[in-house]
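Report on the structure
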Amino acid sequence: MRDEIHADGERWVVRPDEATTTEGVRTLVFHCVSNSSRGYRVVQVPENIVGTADLDENALRDLFDRSQTMDFVHDSDARPEGHGIRF
């Protein structure tokens, strides 16, 4: 698996998360290394694809597009003022 991709105008290092919370599922973490304000993104994938050589940059970009940034709560029922957004 490639360990670095270019996506969304930035450079990202890709690593599988070491913790397994669900049987058969792994989390891939995309760390932005070109812009410290971007933080990181995560996506959950079937365990059997993590670490395989067939995840080229295009496959990782597809996963990146499905990933979610971890800088705010994604729960649609969450109260926006609970995570620093002012209206």
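Further up the page is the structure itself.
Residues numbered from 1 in each chain as written. Predicted model: local features only at pLDDT ≥ 70, side-chain atom pairs only at ≥ 80, totals over all residues. Heavy atoms only, no water.

1. Brief notes about unusual backbone geometry
The phi torsion at Asp8 lies on the positive side, around 55°, for a residue other than glycine. Within the element layout of this structure, Asp8 appears in the loop between β1 (4–7) and β2 (10–16). (Helix = DSSP H or I, 4+ residues; strand = E, 2+ residues; numbered from the N terminus.)

2. What to know about the sheet that holds strand β3 (residues 25–32)
What the five strands build is an open sheet, ordered β1-β2-β3-β4-β5; its pairing is antiparallel. Whereas interior strands pair on both sides, the edge strands pair on one side only; in this sheet they are β1 and β5 (68–69). On the sheet, helix α1 (residues 57–66) packs against β1, β2, β3, β4 (40–46) and β5 and is oriented at approximately 60° with respect to β1. (Pairing = 2+ DSSP bridges. Contact = heavy atoms within 4.5 Å. Axes fitted to C-alpha atoms, helices over the stretch in contact; angles between N-to-C directions.)

3. Some remarks on the pairing of β1
Only one face of β1 is covered, namely the face carrying Ile5 and Ala7; the face carrying Glu4 and His6 is uncovered. In terms of strand pairing, β1 meets β2 through four bridges, oriented antiparallel. Note on β2: the bridge partner recorded for His6 is Arg11. Hairpin remark: β1 followed by β2, antiparallel, with two residues in the connecting loop; positive phi at Asp8, about 55°. (Buried < 20%, exposed > 50% of the residue type's maximum accessible area, 1.4 Å probe, protein only.)

4. Notes on the packing of aromatic side chains
Enumeration over the complete set of coordinates arrives at two aromatic pairs. Geometrically, the ring pair formed by Phe30 and Phe64 is edge-to-face, given 5.4 Å between the ring centres and 85° between the ring planes. Taken together, the positions of Phe30 in strand β3 and Phe64 in helix α1 put the pair 34 residues apart, joining distant regions of the chain. For Phe64, a relative accessible area of 3% puts it in the buried group. Put simply, the rings of Trp12, Phe30 and Phe64 pair up and form one aromatic cluster. (Phe/Tyr/Trp six-rings, centres within 6.5 Å; stacked < 30°, edge-to-face > 60°.)

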